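An overview of the molecular structure
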Amino acid sequence: MKNFKFFLSAFLLIFWLIGSFLNVIFYLTDYNDVLLLEQINYQYATSFKFTNTLEKGFYTFSINILRGGYLLTSLLIAFCFIRSNWVKQELIKVFFEFVFLLRRTLQLLQQLSKTEKGILVSVIILIVLIRGYYLCRQVFTTDEVASFDLFVMEGPLAVVSFYPFPNNHILNNFLSLLYYQVHTDPLFVMRMPTFLVSLVGTLVIYVVLLRFHGHAIAILSIVFLSFSEMGMFYSIAGRGYFLILLMAFINFFSMLSIMYHPGKHNLYWLLFILSGISGFFTVPTFLYPFAATCLIGLLDFLFKRDKNKIIALITSGVLVGLGCVALYLPLIFISGIESLINNKYVQPKAFTSFWSGFIYYFSYAEGLLFGLERLGKFIISGVLLLSVVRIIYFDRLKQFLKFELPLLVMVLSPYLFMVIQRVYLPERALFYKSIYLYVVLSALFLWLLDITNVSKKFALGLAGFGIILYSSVQVYHVQKSLISGLIEEEQRKEAFLWLKQYKPDNIIVLDPMYKLYLNHYFKIANLNCGIYSVKIAELEYDYIVLPKSNRSQVKEQNLVLGEEMYQNDFVKIYSLIGY
């Protein structure tokens, strides 16, 4: 392999970084912190109970192995620097490739016309304003509450090793943990890192698409992404979905650069590896875009009979795998491998059950990603039909086949993987692929304008009208759900304030959502209150919070309700006479 020295240098660099990261965490923690993990999930005991099975001796041994591995790697790198300059030279070459890429990107931005620069600046300002608005206004969701309470608030060991259910988006929560050191408001702790990642990510997406497809496709794509209903939400929500989208995007376009751009590709291989590791360290479902990207690259290299790139792809995949194993070792040691690979929310379905609902799932998922649930199957069908027509009849230079076809593979490949597994992924886990659909859609829209020979002024007017119409519909849907959510959130907080004034020791909460939020409110208020969803005979309870829509559990648990003390549109609070 021609670039053997580069991959060995990349291996040393990556594992030095991973070793440094994990050693900092484990120097800040000890075995007592592992024992404290048993108490984190106490309020969620009905859904999961973490039990530590890690012996102190084994924990100490594992940490010593980790530190020893880091020390060995550091000494090996130092030896390579002292005895030979090749490691330093390889990394310096990659650095200068990166500098050259930055200069080329700045040149492309400078070459934009005044009109294009004005449009870009206006769009970015509008995106920042609308994201800033929803950053503060959007309801603090259950996933964000759980992420803050279970992981971020509990410290670095909980973030990298506690995995009670597939809710720990590790890298995203670690970024929130860093922000938690300078700001303590839960909403901003969870959302500011996502806001910054999405802002930088949107700019990265624009400049990459500018390089590959030009200004028009680039600007249309980021507008579609930023003003879609899911785009507006996940660009500020304290979850890892935008981070996954960004890592998948970098991973994919690094591979396209390796496939189509002449010259050395060490920088792109390094970006491919680093984005792969980062994506997997955020959410394991990153396997979907990563596998699709690897498949596209492999088919291209096989077609070209490029053995060196095939070997490089395999080597890169091995480095990504080793990096992920190293980062997930604390989780595997402490929470167990089953917690990582056994996702109870995504289980294989029976053959007939899977296929009977597949068409509906496909249509709904595509519509949801585009913000138009009922039109999903029509949108994707139209995109596929127009793509086939363009490839067969209008793609003489094979440009669409060369660039947009891989994008369509990224759009459709998740469904192939789901068919193989016979599972339905939660629709939000498919958010990463929306950007590829927007790029193809933008390219087809501009192509239709081109072949119909409409004037430039009419084309700009039509594009502007379409953007305004689409954005208005999306904002309307978001605002509609936001208003109802804010009313419910306000009433939850009022219920908490009512409980707070009486300082209860223990309460029973039969509404799962209220249980989650009340636990959060008591926790950040630094108040001790036992919150339970089932009665425990040894305890005395002050109140019961009962959902208006479901009273069956009162009979099931033989609870005797006393006086009604408080009510809102969603719950009633009673004193308890007996249980």
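Residues numbered from 1 in each chain as written. Predicted model: local features only at pLDDT ≥ 70, side-chain atom pairs only at ≥ 80, totals over all residues. Heavy atoms only, no water.

**Points about the overall build of the chain**
The following threshold applies: What counts as a helix is a DSSP run of H or I of at least four residues, what counts as a strand is a run of E of at least two, and both are numbered from the N terminus. Note on definitions: a residue-residue contact is assigned when non-hydrogen atoms from the two residues lie within 4.5 Å. Surface accessibility follows the Shrake-Rupley procedure with a 1.4 Å probe radius. Residue values consider only the protein chains on display as shielding. Charge assignment: positive for Lys and Arg, negative for Asp and Glu; neither His nor the chain ends contribute. Where a charge lies is defined by one atom per residue type: Lys uses NZ, Arg uses CZ, Asp uses CG and Glu uses CD.
In terms of regular secondary structure, the chain is built from 23 helices and five strands. Along the three orthogonal principal directions, the C-alpha set of the chain runs to about 80 × 65 × 50 Å. Summarising the internal contacts of the chain: among those between residues at least 6 apart in sequence, 75% fall at separations of at least 24. Summed over all atoms, the accessible surface of the chain reaches about 27,600 Å², with 65% contributed by carbon and sulfur. Seen as two clouds, the 47 positive and the 35 negative side-chain charges of the chain have centres 14 Å apart.

**Focus: empty space enclosed by the protein**
Any space left empty among the atoms is revealed by the rolling of a water-sized probe across them. Our working rule: Only protein atoms enter the 1 Å grid used here, on which a cavity is any set of points holding a 1.4 Å probe that cannot leave and a pocket is any open set flanked by protein within 12 Å on both sides along at least five of seven lines; residues with an atom within 4 Å of a point are listed as lining. Grid points are joined across faces, edges and corners, and a volume is the space filled by probe spheres set on the points. Polarity classes work like this: nonpolar for Ala, Val, Leu, Ile, Met, Phe, Trp, Tyr, Cys and Pro, charged for Asp, Glu, Lys and Arg, and polar for all others, with Gly in that last group.
Per the counting criterion, the structure on display carries one cavity of 30 Å³ or more. In this model, the largest cavity occupies a volume close to 30 Å³. Every residue lining the largest cavity is listed: Y241, I244, V283, T285, F286, A429 and Y432. When grouped by side-chain class, the residues that make up the lining of the largest cavity number six nonpolar, one polar and no charged.

**With respect to the nonpolar core**
Here is the rule: Within this scheme, the nonpolar core is defined by two criteria: the residues are buried Ala, Val, Leu, Ile, Met, Phe, Trp, Tyr or Cys, and they are joined through side-chain atoms within 4.5 Å. For every residue, the accessible area (1.4 Å probe, protein chains only) is compared with the maximum for its type, and the residue is labelled buried under 20%, exposed over 50%, or partly exposed between those bounds.
F253, W269, F431, Y436, L499 and L518 are the most contacted members of the largest nonpolar core, which totals 176 residues. Ranked by residues supplied to this core, first place goes to helix α12 (residues 241-260) with 16 residues. With sequence-adjacent residues up to four places away left out, F253 is seen in contact with V208, L209, F212, H213 and L407. Listed in part, the eleven residues of the second largest apolar core include I544, L559, Y574 and L576.

**Digging into the pattern of salt bridges**
As a reminder, the rule being used: For salt bridges, the criterion is a side-chain nitrogen of Lys or Arg within 4 Å of an Asp or Glu carboxyl oxygen.
One pass over the structure, following the stated rule, counts eight salt bridges. A salt bridge links K523 to E154; its shortest N-O distance comes to 3.0 Å. Of this pair, K523 sits in helix α22 (residues 512-524) while E154 sits in the loop between α6 (142-152) and α7 (156-161), and the two are 369 residues apart along the sequence. On the accessibility criterion, K523 (23% relative accessible area) is partly exposed. Between E366 and K433 there is a salt bridge, with the nearest N and O atoms lying 2.4 Å from each other. Taken together, the residues span a long stretch of sequence, with E366 in helix α17 (residues 351-370) and K433 in the loop between α19 (399-421) and α20 (434-451) at a distance of 67 residues. According to the relative accessible area criterion, K433 is buried, its value standing at 1%.

**Thoughts on the packing of helix α8 (residues 170-180) against helix α9 (residues 186-213)**
Formally: In this analysis, axes come from line fits to C-alpha atoms, helices being fitted only over the stretch in contact, and the angle between any two N-to-C directions falls in the range 0 to 180 degrees. In these notes the angle categories are as follows: under 35 degrees is roughly parallel, over 145 is roughly antiparallel, 65 to 115 is roughly perpendicular, and the rest is oblique. Helix crossings get a hand from a simple test, with the near helix turned counterclockwise from the far one by less than a right angle marking a left-handed crossing and a clockwise turn marking a right-handed one.
Interaxial distance between α8 and α9 falls to 8 Å at its minimum, and their mutual angle equals 115°. Comparing their axes, α9 and α8 come out roughly perpendicular. Crossing of α8 against α9: the hand is right-handed. Residues N172, N173, L175, S176, Y179 and Y180 of α8 touch α9, and the partners they reach there are F188, V189, M190, M192, P193, T194 and V197. Of the residues belonging to the contact of α8 with α9, the class tally is nine nonpolar, four polar and no charged.

**A closer look at the packing of aromatic side chains**
Inclusion rule: In this scheme Phe, Tyr and Trp rings, the latter by its six-membered ring, pair at centre separations within 6.5 Å, and the angle between planes marks the pair as stacked below 30 degrees, edge-to-face above 60, and tilted otherwise. Note on geometry: a ring has a charge over it if NZ (lysine) or CZ (arginine) is within 6 Å of the ring centre and within 35 degrees of the ring normal.
According to the stated counting rule, one finds 50 aromatic pairs in the structure shown. Where F496 meets Y521, the ring centres are 5.4 Å apart and the plane angle is 50°; that geometry is what we call tilted. With F496 in helix α21 (residues 456-502) and Y521 in helix α22, the pair connects residues that are 25 residues apart, well separated along the chain. The residues F496 and Y521 share a single accessibility class, namely buried. By way of ring pairs, the aromatic residues F6, F7, W269, F272, F280, F286, F290 and F301 are connected into one cluster. Sitting over the face of the ring of Y517, R492 holds its NZ or CZ atom 3.7 Å from the ring centroid.

**Some points on the confidence of the model for the chain**
To keep things clear, this is the line we draw: You can read pLDDT as the predictor saying how much it trusts each residue, on a scale of 0 to 100.
Taken residue by residue, the chain gives an average pLDDT of 85. The fraction at 70 or more is 94%. Across residues 42-47, confidence stays below pLDDT 50; counting only partners more than four residues off in sequence or on other chains, it has 15 contacts.

**Considerations on unusual backbone geometry**
In this model, R422 sits at a positive phi of 55°, which is unusual for a non-glycine residue. With relative accessibility at 32%, the residue R422 sits in the partly exposed group. Despite not being glycine, K503 has its phi angle at roughly 45°, a positive value. Structurally, K503 is set in the loop between α21 and β1 (506-509).

**Focus on a nonpolar patch on the surface**
Keep this limit in mind: Put simply, a patch holds well-exposed residues, over 30% relative accessible area, that have no salt bridge, with like charges counted together within 9 Å and Val, Leu, Ile, Met, Phe, Trp or Tyr side chains within 5 Å.
Taken together, the side chains of V388, I392, Y393, F394, L448 and I451 define a hydrophobic patch exposed on the protein surface, amounting to about 580 Å² of accessible area. Of all the secondary structure elements, the ones that give two or more residues to the nonpolar patch are α18 (376-394) and α20. Among the elements that line the nonpolar patch, the one with the most residues is α18, at four residues. Given a relative accessible area of 32%, L448 falls into the partly exposed group.

**Topic: α12**
To keep things clear, this is the line we draw: Helix span is expected to be 1.5 Å times the residue number reduced by one.
Taking 1.5 Å as the rise per residue, α12 with 20 residues should run 28 Å; its terminal C-alpha atoms sit 28 Å apart, in good agreement. In terms of residue burial, α12 counts as a mostly covered element, since 19 of its 20 residues are buried.

**Here we look at helix α15 (residues 307-334)**
Defined as follows: Given a residue, its bend is the angle between the two axes fitted to the seven residues that end at it and to the seven that start from it.
When the terminal C-alpha atoms of α15 are compared, their 41 Å separation across 28 residues agrees well with the 40 Å that a helix rising 1.5 Å per residue should span. Along α15, the largest kink reaches about 50° and is centred on Y328; proline P330 follows within four residues of it. A positive phi of about 95° marks G336, the residue just after α15.

**Here we look at the environment of L539**
By the element assignment, L539 lies in the loop between β2 (530-532) and β3 (543-547). For the pair L539 and D505, spaced 34 residues apart in the sequence, the C-alpha separation amounts to 9.6 Å.

**Overview of the packing of α6 against α8**
Look at α6 against α8: their axes get within 11 Å of each other, and the N-to-C directions meet at 75°. If you check the angle between α6 and α8, you find them roughly perpendicular. Every residue of α8 that contacts α6 at S147, F148, F151 and V152 is listed here: N173, S176, L177 and Y180. For the contact of α6 with α8, a count of residues per class yields five nonpolar, three polar and no charged.

**Looking at the environment of S198**
Mapped onto the elements, S198 comes out in helix α9. Residue S198 is classed as buried on the basis of its relative accessible area, which comes to 0%. It is 7.5 Å that separates the C-alpha atoms of S198 and I236, two residues lying 38 residues apart in sequence. Setting aside residues no more than four positions away along its own chain, S198 makes contact with R131, S235 and F242.

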